[in-house]
Amino acid sequence: MSAPAQEHFSDQPVLTGEAAALFAGLADETRLLVAVSGGPDSVVLLALLSDWARQPGRPELVAATVDHGLRAASAGEAEAVAALCRELGVPHAILRWSGPKPASGIQERARQARYSLLAQHADGLGGAVLVTAHTLDDQAETMLMRMARGSGPSGLLGMRSRVRKGAIDLARPLLGVPKARLIATADARGLPFIQDPSNADTRFERVRWRGLMPALAEEGLGAERLATLASRLGRIEAAVEHRVAALLPLLVPSDDGAAMRLDLTALAGEPDEVVLRLIGRGLEGVAARGDGENLPRLERLEACAFALIDAAGRGLAMTRTLSGCVLALDRKGALTFAREPMRRRGVHPAP
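No experiment lies behind these values; they were computed from the predicted model shown.

Criteria and thresholds
Residues numbered from 1 in each chain as written. Predicted model: local features only at pLDDT ≥ 70, side-chain atom pairs only at ≥ 80, totals over all residues. Heavy atoms only, no water. Helix = DSSP H or I, 4+ residues; strand = E, 2+ residues; numbered from the N terminus. Buried < 20%, exposed > 50% of the residue type's maximum accessible area, 1.4 Å probe, protein only. Contact = heavy atoms within 4.5 Å. Areas by Shrake-Rupley, 256 points an atom, 1.4 Å probe, with all protein chains shown as cover. Pairing = 2+ DSSP bridges. Axes fitted to C-alpha atoms, helices over the stretch in contact; angles between N-to-C directions. Core = buried A, V, L, I, M, F, W, Y, C linked by side-chain atoms within 4.5 Å. Phe/Tyr/Trp six-rings, centres within 6.5 Å; stacked < 30°, edge-to-face > 60°. Lys NZ or Arg CZ within 6 Å of the ring centre and 35° of its normal. Parallel < 35°, antiparallel > 145°, perpendicular 65-115°, else oblique. Right-handed = clockwise from strand over helix to strand, strands pointing away. Salt bridge = Lys/Arg side-chain N within 4 Å of Asp/Glu carboxyl O. Left-handed = near helix turned anticlockwise from the far one by under 90°. Nonpolar A, V, L, I, M, F, W, Y, C, P; charged D, E, K, R; others polar.

Q: Provide a residue-level description of the overall build of the protein, including the pertinent values.
A: On a plain count of helices and strands, the protein comes out with 10 helices and 11 strands. Dimensions of the protein, computed from the C-alpha atoms along their principal axes, are close to 75 × 55 × 45 Å. For the protein, buried positions account for 41% of its 351 residues. Put simply, 67% of the contacts in the protein that link residues at least 6 apart link residues at least 24 apart. Roughly 18500 Å² of accessible area belongs to the protein as shown, and the carbon and sulfur atoms make up 53% of that amount.

Q: Quick rundown of the pairing of strand 8 (residues 259-263)? Include the residues and the values.
A: Bridge count between strand 7 (residues 251-253) and strand 8: three bridges; the pairing is antiparallel. Note that in strand 8 the partner of Pro-253 across the bridge is Met-260. As consecutive antiparallel partners, strand 7 and strand 8 are separated by five residues, and within that stretch Gly-257 has a phi angle of approximately 75°, a positive value. Here five bridges tie strand 8 to strand 11 (residues 334-339), and the two strands are oriented antiparallel to one another. Residue pairing across strands places Arg-261 opposite Thr-336, the latter belonging to strand 11.

Q: Give a description of the sheet that holds strand 6 (residues 168-171) that names residues and reports values.
A: The strand order across the open sheet built from six strands is 3-2-1-4-6-5, with neighbouring strands paired in mixed fashion. Lying at the two open borders of the sheet, with one neighbouring strand each, are strand 3 (92-96) and strand 5 (162-165). With strand direction ignored, the average angle separating the axes of adjacent strands in the sheet is 30°. Strand direction decides the pairing type here: strand 2 (residues 60-67) and strand 3, joined by five bridges, are parallel. Within strand 3, the position partnered with Ala-64 by the bridge is Ala-93.

Q: Any chance you could break down unusual backbone geometry for me, citing the residues and the numbers?
A: Although it is not a glycine, Ser-323 adopts a positive phi angle of roughly 50°. Here Ser-323 lies in the loop between strand 9 (318-322) and strand 10 (325-329). A relative accessible area of 9% places Ser-323 in the buried class.

Q: Residue-level account of the sheet that holds strand 8, with values.
A: Strand order in the open sheet formed by five strands is 7-8-11-10-9, and the pairing between neighbours is antiparallel. Of all the strands in the sheet, the pair left with one neighbour each is strand 7 and strand 9. Each neighbouring strand pair of the sheet contributes to a mean axis angle of 20°, computed without reference to strand direction. Those strands touched by helix 9 (residues 272-287) are strand 7, strand 8, strand 9, strand 10 and strand 11, and its axis lies near 30° from that of strand 11.

Q: Would you mind going over the nonpolar core in detail, with residue names and values included?
A: Ranked by internal contacts, the top residues of the largest apolar core, which has 32 residues, are Phe-23, Leu-26, Leu-32, Val-34, Leu-45, Leu-46 and Leu-49. At nine residues, the largest contribution of residues to this core is made by helix 2 (residues 40-53). Beyond its immediate chain neighbours, meaning those up to four positions away, Leu-46 contacts Val-34, Val-36, Leu-61, Ala-63, Leu-84, Cys-85, Leu-88 and Val-90. The next biggest cluster of nonpolar side chains, apart from the first, holds 29 residues, and it includes Val-240, Leu-278, Ile-279 and Val-286.

Q: Give me the lowdown on the packing of aromatic side chains, citing residues and values where you can.
A: Counting across every chain of the model gives one aromatic pair. Sitting above the plane of the Tyr-115 ring, Lys-165 keeps its charged end 4.7 Å from the centroid.

Q: Would you mind going over the packing of helix 5 (residues 136-148) against helix 7 (residues 205-218) in detail, with residue names and values included?
A: The interhelical angle for the contact between helix 5 and helix 7, taken along N-to-C directions, is 105°, at an axis separation of 10 Å. Classified by the angle their axes make, helix 5 and helix 7 are roughly perpendicular. Of helix 7, the residues touching helix 5 (which contributes Asp-138, Ala-140, Glu-141, Thr-142, Leu-144, Met-145 and Ala-148) are Glu-205, Arg-206, Trp-209, Arg-210, Met-213 and Leu-216.

Q: How would you explain the pairing of strand 3 if you had to name every residue and give the values?
A: Residues of strand 3 alternate between two faces, with Ala-93 and Leu-95 buried on one and His-92, Ile-94 and Arg-96 left unburied on the opposite face. Read as a crossover between parallel neighbours, the route from strand 2 over helix 3 (residues 74-88) to strand 3 is right-handed.

Q: I'd like a description of the pattern of salt bridges, backed by residues and values.
A: This structure, assessed with the given rule, holds 22 salt bridges. Ionic pairing is found between Glu-18 and Arg-181, a salt bridge with its closest N-O pair at 3.0 Å. One end of the pair, Glu-18, is in helix 1 (residues 16-22); the other, Arg-181, is in helix 6 (residues 179-189), with 163 residues separating them in the sequence. Exposure remark for Glu-18: the relative accessible area of 28% places this residue in the partly exposed category. One salt-bridge network, held together by shared partners, links Glu-237, Glu-241, Glu-273, Arg-277 and Arg-281.

Q: Provide a residue-level description of the packing of helix 8 (residues 223-247) against helix 9, including the pertinent values.
A: Angle between the axes and distance between the axes: these two values describe a pair of packed helices. Taken N-terminus to C-terminus, the directions of helix 8 and helix 9 make an angle of 60°; their axes are 10 Å apart at the nearest point. Classified by the angle between their axes, helix 8 and helix 9 sit oblique to one another. By crossing handedness, the relation of helix 8 to helix 9 is classed as right-handed. Residues Glu-237, Val-240, Glu-241, Arg-243, Val-244 and Leu-247 of helix 8 pack against Glu-273, Val-274, Arg-277, Leu-278 and Arg-281 of helix 9. Here the residues of the contact of helix 8 with helix 9 sort into five nonpolar, no polar and six charged.

Here's what the structure looks like:
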């Protein structure tokens, strides 16, 4: 994750030299696809990238706007972005989310559709890196949402500045920049932007958390502090994952590849978090060969794994089922992961 911006710069425009540092990791790419919704964050990202990409040897820059078709004004807003792109000399495409729209979960479904359309467009451009305008504020909101849902350390790392998403690379170069600085940049440069009314609609979870942020900041839990927490969790996460990677050879597939086996007695001296993750990896490995059922929430995985760890420490046999898988522990501490047998439903004739 990007380092948090300094607090005393939180309301100042982003300067040209800062932008060059923010985009340095993109310099070796061939082509960048910047997602521009028309809001202040993405408009400023577009303008800064446009200036930066004019320098010799920089990647080709193209832009795209997704018209979700959820508001009457959305088509006109997409055309306004197209006009700005023409002014900046950046090729632009409008991608439309067609078909019926869901009655519930609209923001999540719209997000999925947006990334799908942008990924397809990036792939059509020869594998362009998708660049989005997520900010320090977005990062803080994401962390709070995940915390409320019971995420573990991995989830509380928040969004990453660079990640592989399906078949494309996704870059978020503004993750360390407060939104206030981007609005100040738009104002200073006279950049036109729109305000999506859904960003003030309290029916949506993210909007409700956004409304709580000023009060949290007054108590010392602002976006910068949350970003620092994410950075510290990242160091812990790296250490745990390093140990898990070293112990992965203990997770052995069966000869036919249909099951996996893990010797819990060999892990007796390891921290519970390390053993928990190895059990999770075994579960993932077997579930991935099944019918695509969702893997369990962390709370369910913890309850199952810690019961198995306790039983192994006492030399007890135990069987648990989780996410369509059977986890069978024998008295010697050998834990086997296998797909749960198909259940026969309905009325069947007597033999």
